[in-house]
Structures are given as structure tokens and as C-alpha cells.
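Listed below are the residues making up each chain.
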Amino acid sequence: MTHQEGEAVQPSTAVVHWWGRGVFFFLVAAILLLGIGRLELPWVRTGFSAWSISRTTFFFWLIWKIVIYSYGRGVIGFNKGWFPLPLLIFFAAVTLSLLPDFHEAADYRYFFFAVMHCVMVMDVFGSGNRPKFLLLLLGALPGLLVIRGLVYDPSVLDFGQMNRFAYPVAHANPAGLLFSMSIPLALAIVLTDKGLFRGPTLGSLTAQFVGLVLTYSRGAWLASVVSLFGLSLMEHRLRKSVLAIGLTAVIAFVAIAPLRNRLLSVLTPSEDVAIEGRLRFMTDALTVGLEKPFFGVGYGRDRLREGVRRDVPGAEQFGFIPHSHNVYTELLAETGLVGLSAFLWMVVSNVTRLIRKGQSDLAARDRTRYLCVATSLIAFLIGGLGDVPFYNHETRIFFFTLLALSYIALRSDIVRQRDMGQAGQQRSRG
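Attention here is on the structure that accompanies the text. Remember, it's a predicted structure, so these values are computed and weren't measured experimentally.

About the criteria used
- Every chain's residues receive numbers from 1 upward, in the order its sequence appears when written.
- Predicted model: local features are reported for residues with pLDDT of at least 70 only, side-chain atom pairs are reported and counted for 80 or more only, and whole-chain, interface and lining totals are derived from all residues.
- Here the side-chain values reflect all heavy atoms present in the structure, with hydrogen atoms and water set aside.
- Nine residue types can take part in a nonpolar core, namely buried Ala, Val, Leu, Ile, Met, Phe, Trp, Tyr and Cys, and a core is a set of them joined through side-chain atoms within 4.5 Å.
- Residue exposure (1.4 Å probe, protein chains only): buried if accessible area is under 20% of the type maximum, exposed if over 50%, otherwise partly exposed.
- Only DSSP runs of H or I covering at least 4 residues are called helices, and only runs of E covering at least 2 are called strands; the numbering of each starts at the N terminus.
- Should any heavy atoms of two residues lie within 4.5 Å, those residues are considered in contact.
- Planes of paired rings set the category: under 30 degrees apart is stacked, over 60 is edge-to-face and the rest tilted, where pairs are Phe, Tyr or Trp rings (Trp by its six-membered ring) whose centres lie within 6.5 Å.
- Consider the ring centre and the ring normal. A charge sits over the ring if Lys NZ or Arg CZ is within 6 Å of that centre and within 35 degrees of that normal.
- Patches in this entry comprise residues that are over 30% relatively accessible and not in a salt bridge; like charges within 9 Å are linked, as are nonpolar side chains (Val, Leu, Ile, Met, Phe, Trp, Tyr) within 5 Å.
- Computed by Shrake-Rupley with a 1.4 Å probe, the accessible areas treat only the displayed protein chains as cover when residues are assessed.
- The working definition used for a salt bridge is a side-chain nitrogen of Lys or Arg within 4 Å of a carboxyl oxygen of Asp or Glu.
- We count Lys and Arg on the positive side and Asp and Glu on the negative side, and we leave His and both chain ends out.
- Just so you know, the charge point we use is NZ for Lys, CZ for Arg, CG for Asp and CD for Glu.

1. Thoughts on the nonpolar core
Of all hydrophobic cores here, the largest spans 119 residues; its most connected members are Leu87, Phe125, Phe343, Phe390 and Phe400. At 13 residues, the largest contribution of residues to this core is made by helix α4 (residues 106–124). Setting aside residues no more than four positions away along its own chain, Leu87 makes contact with Val115, Cys118, Val119, Met122, Met346, Phe400, Leu403 and Tyr407. Counting residues in each nonpolar core, the second largest holds 7 residues, with Ala285, Val288, Leu304 and Val312 among its members.

The structure is reproduced here in C-alpha cells:
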């Protein structure tokens, strides 16, 4: 059979289907590596990480949505609401901050692919049982990070040495923040899943708690305590579970002197070099932000250093500034009030909507999942008081995956309500 002149040759349904399956497979692989850690290939001196696989998958996803799906159909393969407005505005604010010349924009590359990762996850995991699978990946797998780290360096269990747990994450602080976000998700699985995955997830939850403690990350400890305490206030049925975790933590910190001393060090910040340095970095970033309050000096650590050298006399005598160690002063300095406001709207609006859903007349299982996802986002917001998660591959990809999960949960609820309304109208007509 020959096609008429000018008639487009459509790719077969099988090609579209299997290309989409391939995108799903590699996106799952990227999220798997969040809970496993980077895989090194020593014989070729390279490896695979969540960031590297997600970045590569983006181009195949784009081909799938624009070229393969739309060829001969006249429409592209994006669903309505594929790029949520708050995320789009935050992305635009960060991009505009680098105008007019985009100089010193190395960190923007990582940010761009992280946002695209979020969009991909919403698109690929947004139907069927895939949202539950995504929750399982984010909540259950990070326990493997702890197992792998302990096998690599068992000395972290020797509290006398006070070796901070980090490997296979780049640093102990991002590892702690990641666990503070994943623990509420693991708790959601333990409390709502009655099947095969409940037992292993309970073991993973225990491992993640151990890993969080061993990071000695005071910011991550604060994020976990505040978020889980908030969860117990939002849902009284979860108070026993949160209380059990809290009592275990209290016993550990009372009985183990290095943990207790690390925690109490926040009461004497002037005697802690790390706290004093971070407060100075935050103050410098705040100064830069107030000098350019609308769009900031431009997104990224290099642009922040430029601004500090220009606006803070004598700052260089204190040495190299990695970043401000606070996501709020960082965004204020780099993207101005526009970027900071867009970021807060993006996250806080999802938190409030999830809490409202979690306190509505839904099944107990659904309420627990909504509230635990909201708790995980709260942990991110609290953890941002002491770190900038966007500059670490693991915490950046984990957050944007979590953000995608929250959008999927809220979008699924809207679709379910719409379908129920349509069904009700059909019954009334009948």
C-alpha cells in the first residue's frame, strides 16, 4: 500500500508504547539510585547516579512526547496541566535572574534538569498504580543507603570516634536531610500497606532512623522532629507511631554522650566554628539580597560569591564561601523576592492543600498518605534553614521527585472528584 502525496506516515502504536515503556524504565532506575546511591564502575572510572540517568532520560522523553507521539497527529503528547503554574513561575524567576548574559550559570544546568525531572515524573507516574509505586520507591529504598554506608565504613557505629555517616551520599548533611524527607514516606507505607512491602519497609524505616542519627546533622534532626511532631498534631491516629519514634530518639540521645553533646552544642553557637561561619554566610547573603531585592544577583553559587565580593567589604578575609547554608537567604540573594516568593508559593501551597485533603472525609489510608507527603515537604522546608538542598544531586532530585508526587496526589484527587461528578450526572439523567 502506498501513501498519498503529502500524507504523514504515523509511527506505529507499538513504537509509541515501547518508547514510553523505556522512558518509564530509566526514570524508575534514576529514582532507584536515590535509595541505593551512586553506582561506580571502577574499570572505566565512571558511574551512574540518579542525576545522570534522569538528565539523559529527559531527551528521550522529549523525543517521545514531541516527535514520536505527535508525528502525523498534529498535537504533542503533553496532557493538560503538565507544567504546574507555581513550578513554572519559580522556574521562570530563576531563569530571569541570570539575564542578560547567563554568565557563571553552572548551577542553573542542574536546576534546569531537576525541574524537567519533576515534569517527567508527573507525566510518567501520573496514572494507574504508578503513584503508589513512586511512594514505595521514595519511602522504602533509602534504607539501602544506610546498609551500604555501614558496610563501606563500619566505624560510624563507633560513637567514640564520632565519624559522621555520609557514604554513598556526598556529605553527611544532605544524607540527613534526605532521611528526614524519606522517613515520613516510609511511615506512610508501614501504616497503610497490608501486603508484601510492609515488613521490608518497616526494616527500612528503622535503618533510615539509624542513618539520620549517625549523620550528626543538627539541621536534619530539627527537620525530622518538627515535621513528625506536626504529623502527630494533624492526625491523632498517628500519635502512637510518632511517640514510639520520639521515645527511641530520646533514649538514644540521653544514653549516647557524643549525640547528646552534638545536640546541646546549638545552645552555645559562639563556641561552635561551624555555626558561627554559617551565620556569617547567611548574613552576607542577606546583605546581597537587600542590595538587589527584586531578581537578585543571579542563581548559583558563583553568582552569590560575585555579589558577596561586591557588596560585603572584607568578606574575603574569612575565606571561601561555598553557599549561605540557608535556602531562604540563598534564594533571596540570587533570585530576589520574586524567586523566593515563587519558591514558597510552590511548596507551601502544596503542603496546605495536602493537609486539607488529609483532614477531609476520606478513607483513613488516603488521609495518612496525604499527611505523610505533606510532612515530608515540611521536613524539606525546615531542613532548608541550615542547608541549600539544590546544590546536592541527591537532595535536589529527591525534592523534585517528592514535589512531583505531591502534584500527582492532588491532581489524582481532582480527577477522581470530576469522574464521580460525571457518574452522578449520568445516574441522575438515567
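2. Things to note about the environment of Leu41
Here Leu41 is to be found in strand β1 (residues 39–41). In contact with Leu41, other than residues within four places in its own chain, are Thr46, Gly47 and Phe48.

3. Section: helix α5 (residues 130–140)
With 8 of 11 residues buried, α5 is to be regarded as a mostly interior element. Inspection of α5 places Pro131, Leu134, Leu135, Leu136, Leu137, Leu138, Gly139 and Ala140 among the buried residues, and these make up the whole buried set.

4. Re the packing of aromatic side chains
How two aromatic rings sit relative to each other is set out by the distance from centre to centre and by the angle between their planes. A full pass over the atoms with the stated rule returns 38 aromatic pairs. Residues Trp51 and Tyr110 carry aromatic rings whose centres are separated by 5.0 Å and whose planes lie at 70° to one another, so their mutual orientation is edge-to-face. Placement of Trp51 in helix α2 (residues 50–68) and of Tyr110 in helix α4 is noted, with a sequence separation of 59 residues between them. No difference in accessibility class separates Trp51 from Tyr110, as the two residues are buried. For Trp51, a relative accessible area of 8% corresponds to the buried category. Sitting over the face of the ring of Trp18, Arg21 holds its NZ or CZ atom 5.7 Å from the ring centroid. Above the plane of the ring of Trp64 lies Lys65, whose end atom (NZ or CZ) is 4.5 Å from the centre.

5. So, a positive patch on the surface
A surface patch of positive charge is lined by Lys132, Lys194, Arg198 and Arg365. Positionally, Lys132 belongs in helix α5.

Limitation: the analysis is restricted to geometry and does not speak to function.
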